[in-house]
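# Descriptive structure summary
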Amino acid sequence: MEAFIRSLPKAELHVHIEGTLEPEMAFELARKHRISLPHANVEQLRRAYRFSDLQSFLDIYYAMADVLRDEEDFYALTRAYLRRVHAQGVVHAEIFFDPQTHSARGIPFGTVVGGIHRALVDAQRELKLTHRLIPCFERHLSSDSAMRTLEQALPYLDAVAAVGLDSSERGHPPGKFAAVFERARAEGLLAVAHAGEEGPAAYIREALDRLHVCRIDHGVRCEEDPELVARLARERIPLTMCPLSNVQLKVFDRIESHNIKRLLDAGLCVTVNSDDPAYFGGYLLENYLAIQRAFALSRQDLARLARNSLEASFLDAAGKRRWSSAIDRLLADPPAQQPR
Ligand code: HPA
Ligand code: ZN
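First, a word on what this report is: a plain description of the structure on this page. (Residues numbered from 1 in each chain as written. Chains lettered and ligands numbered in written order. Predicted model: local features only at pLDDT ≥ 70, side-chain atom pairs only at ≥ 80, totals over all residues. Heavy atoms only, no water.)

### What about the overall build of the protein?
How we decide: To qualify as a helix, a DSSP run of H or I must reach at least 4 residues; to qualify as a strand, a run of E must reach at least 2; elements of each kind are numbered from the N terminus. Working definition: with a 1.4 Å probe on protein chains only, accessible area under 20% of the residue-type maximum means buried, over 50% means exposed, and in between means partly exposed. The criterion used for residue contact is that any of the two residues' heavy atoms lie within 4.5 Å. Asp and Glu count as negative and Lys and Arg as positive, but His and the ends of the chain are not part of the count. Throughout, a charge is located at the NZ atom of Lys, the CZ atom of Arg, the CG atom of Asp or the CD atom of Glu.
Along its length, the protein carries 17 helices and eight strands. Taking the principal axes of the C-alpha coordinates as reference, the protein spans close to 50 × 45 × 40 Å. Across the 340 residues that make up the protein, the buried fraction comes to 58%. Across the protein, the fraction of contacts at a sequence separation of at least 24, relative to all contacts at a separation of at least 6, is 76%. The positive charge centre, built from 43 side chains, and the negative charge centre, built from 47, are 4 Å apart in the protein.

Here it is as structure tokens:
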């Protein structure tokens, strides 16, 4: 099945570029900038990646982002991620970043976007891997701060496709950012939001009805509201799910308890994603493999997940058709079983 999953053309729609910072690169950048990290070496740092909930992860994730300082750092980070997932069969990546984490440290929006975007353009040329870029507003910060961040993004609309909403969910309902998202949409940007990861199903409804998002990131708690589940299915509103993340952050106690298969079977446009792969024990392929094993997914199931990821992407219609035909061909003629 691994060879089949690898050869499936897949889109990744939920990955925070700061969450792809591997400990090895963190130490390399810390040396470069003469910063000391709170752990002695790579092994000790990796051992600190044990989380009790979303906040316990975010505390480490934001602290580690401090090693990202110049445009070259963001370029190297993004390039490493793209090379890695290209080898896993990712053909299109929609990448989040957290501008406020960097502007708070005096790093301009243009430095961050400059490095990430250059790596994306290089990967499109060298690897034929297409992309969209999505700055996220951190919901634990004020709506004024989000609005200032949106204004910083306006000179870069050629490089930015949409806005997102992330960080600590509980106590920060989407409606807090209604005016910011309205302005973003008026500027021609699409919108997505994290909702229903740790927060209630009501936050998913609020993201849809007040922020007018076209996708929900995570959305696992939708099942608390059966009418909402029916609406998500009826309107084919995509959920970008992140199975390994949800287990690491204790949203589910183990992978077998995850609701992705149930929601897939209920006809929702669920997709598989990695969230923060350097912290959660796997990139996109490892997330597919984990749920394939947990639910004994068939090739048909896996192809449906890959098709959903392309349908839910911001690729144009021709790009979606092209990858859909590639999946048809793969199903008709799957790769030979690899010797074990
Ligand atoms: N949830 C919210 N904010 C985040 C996450 C997440 O899973 N990863 C990085 N920022
Ligand atoms: Zn996320």
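Structure's up, so let's keep going.
### Quick word on the site of ligand 1
As a reminder, the rule being used: Near residues are defined by distance, with any heavy atom within 4 Å of the molecule or strand qualifying the residue. Each polar contact in these results corresponds to two N or O atoms within 3.5 Å; when the atoms are within protein, one needs to be able to donate a hydrogen and the other to accept it, and residues that are neighboring in sequence are counted only if both atoms are side-chain atoms. Under the convention used here, a 1.4 Å probe and the Shrake-Rupley method define accessible areas, while residue burial counts only the protein chains that appear. Points on a 1 Å grid, built from protein atoms alone, make a cavity when a 1.4 Å probe fits but cannot get out and make a pocket when they are open with protein on both sides within 12 Å along at least 5 of 7 lines; residues with an atom within 4 Å of a point are the lining residues. Put plainly, a molecule is in a cavity or pocket when over half of its atoms are within 2 Å of the grid points there. Basically, the charged four are Asp, Glu, Lys and Arg, the nonpolar ten are Ala, Val, Leu, Ile, Met, Phe, Trp, Tyr, Cys and Pro, and anything else, Gly included, counts as polar.
Close contacts around ligand 1 come from His 16, Leu 54, Phe 57, Leu 58, Tyr 61, Asp 166, Ser 167, His 194, Glu 197, His 218, Asp 275 and Asp 276, and that covers them all. His 16 is positioned with one of its side-chain polar atoms (N or O) 3.3 Å from a nitrogen atom of ligand 1. A distance of 2.8 Å is found between a nitrogen atom of ligand 1 and a backbone nitrogen or oxygen belonging to Ser 167. Starting from 260 Å² of accessible surface for ligand 1 in isolation, the protein chains cover 100%. In this structure, ligand 1 is accommodated by the largest cavity. Sort the elements by how many residues they give to the shell around ligand 1 and helix α4 (residues 54–64) lands first, with four residues. Of the residues that constitute the shell around ligand 1, the class distribution is four nonpolar, four polar and four charged.

### Focus: the coordination of the zinc ion (ligand 2)
Let me state the cut-off plainly: In this listing, donors mean N, O and S atoms no farther than 2.8 Å from the metal, or 3.2 Å for Na, K and Ca; water is missing from the atoms, so a site can look incomplete. Geometry is assigned from the angles between donors: four donors with all angles from 85 to 135 degrees make a tetrahedral site, four or six donors whose opposite pairs exceed 155 degrees while the rest stay between 65 and 115 make square planar or octahedral sites respectively, and everything else is labelled irregular.
Looking at the zinc ion (ligand 2), the protein donor atoms are His 14 (NE2), His 16 (NE2), His 194 (NE2) and Asp 275 (OD), and they sit 2.1 to 2.2 Å from it. Taken together, the four donor atoms coordinating the zinc ion (ligand 2) and their angles of 82 to 173° define a geometry best described as irregular.

### Topic: empty space enclosed by the protein
In this approach a probe as big as a water molecule rolls over the atoms, and the regions it shows empty are the leftover space. For clarity, the threshold we go by: Grid points are joined across faces, edges and corners, and a volume is the space filled by probe spheres set on the points.
Per the counting criterion, the structure on display carries two cavities of 30 Å³ or more. The space that makes up the largest cavity amounts to roughly 110 Å³. For the largest cavity, the lining is made up of 16 residues, of which His 16, Leu 54, Leu 58, His 194 and Asp 276 are closest to its centre. Per element, the largest residue contribution to the lining of the largest cavity is five residues, and it comes from α4. Its residues assigned to classes, the lining of the largest cavity shows six nonpolar, five polar and five charged.

### Quick look at the side chain of Arg 139
Stated formally: When a carboxyl oxygen of Asp or Glu lies within 4 Å of a side-chain nitrogen of Lys or Arg, that pair is called a salt bridge.
Here Arg 139 shows up in the loop between β3 (130–138) and α8 (143–153). Buried and unpaired, Arg 139 has no salt bridge, with Glu 169 as the nearest side chain of opposite charge at 4.5 Å. At 2.7 Å, the side chain of Arg 139 and the backbone oxygen of His 194 are in polar contact. Here Arg 139 is in contact with Leu 165, Asp 166, Ser 167, Ser 168, Glu 169, His 172, Pro 173, Pro 174, Lys 176, Phe 177, His 194 and Tyr 203, once residues within four sequence places are set aside.

### Here we look at the packing of aromatic side chains
For the record, the criterion: Two rings from Phe, Tyr or Trp (for Trp, the six-membered ring) form a pair when their centres sit within 6.5 Å of each other. Planes less than 30 degrees apart are called stacked, planes more than 60 degrees apart edge-to-face, and all others tilted. Should the NZ of a Lys or the CZ of an Arg lie within 6 Å of a ring centre and within 35 degrees of the ring normal, that charge is described as sitting over the ring.
Following the criterion strictly, the structure yields twelve aromatic pairs and no others. Aromatic pair Phe 51 and Phe 57: ring centres 5.4 Å apart, planes at 85°, arrangement edge-to-face. One exposure class covers both Phe 51 and Phe 57, and it is buried. Ring centres 5.0 Å apart and planes at 40° place the aromatic pair Phe 57 and Tyr 61 in the tilted group. Of the two residues, Phe 57 and Tyr 61 are both situated in helix α4; the distance of four residues between them amounts to about one turn of the helix. For Phe 57, a relative accessible area of 2% gives the class buried. Among the aromatic residues, those joined into a ring-pair cluster are Tyr 49, Phe 51, Phe 57, Tyr 61, Tyr 62, Tyr 279 and Phe 280. When the ring centre of Phe 4 is taken as origin, the NZ or CZ atom of Arg 299, which lies over that ring, is 5.2 Å away.

### Details of the packing of α8 against helix α9 (residues 178–186)
Stated formally: Lines fitted to the C-alpha atoms define the axes, with helices restricted to the stretch that makes contact. Angles between their N-to-C directions range from 0 to 180 degrees. Here is the rule for angles: anything less than 35 degrees is roughly parallel, anything more than 145 is roughly antiparallel, 65 through 115 is roughly perpendicular, and the remaining ranges are oblique. In this scheme, a crossing is called left-handed if the near helix is turned counterclockwise away from the far one by less than a right angle; it is called right-handed if the turn is clockwise.
Remark: α8 packs on α9, axes separated minimally by 9 Å, with the N-to-C direction vectors making an angle of 15°. Here α9 runs roughly parallel to α8, going by the angle between their axes. α8 and α9 meet at a crossing whose hand is right-handed. The segment α8 lies against α9, with Ser 143, Ala 146, Met 147, Leu 150 and Glu 151 engaging Ala 179, Val 180, Arg 183 and Ala 184.

### What to know about the pattern of salt bridges
Considering all chains together, one arrives at 29 salt bridges under this definition. Between Asp 122 and Arg 125 there is a salt bridge, and its shortest N-O distance comes to 3.3 Å. Here Asp 122 pairs with Arg 125, and both are found in helix α7 (residues 109–127), just three residues apart, close to one helical turn. With a relative accessible area of 13%, Asp 122 lands in the buried category. With its nearest N and O atoms 4.0 Å apart, the salt bridge here joins Asp 265 to Arg 304. With Asp 265 in helix α13 (residues 260–265) and Arg 304 in helix α16 (residues 299–311), this pair connects stretches of sequence that are 39 residues apart. The class for Asp 265 is partly exposed, based on a relative accessible area of 47%. The class of Arg 304 is partly exposed, set by a relative accessible area of 34%. Each of Arg 79, Arg 83, Asp 122, Arg 125 and Glu 126 takes part in a single network of salt bridges with overlapping partners.

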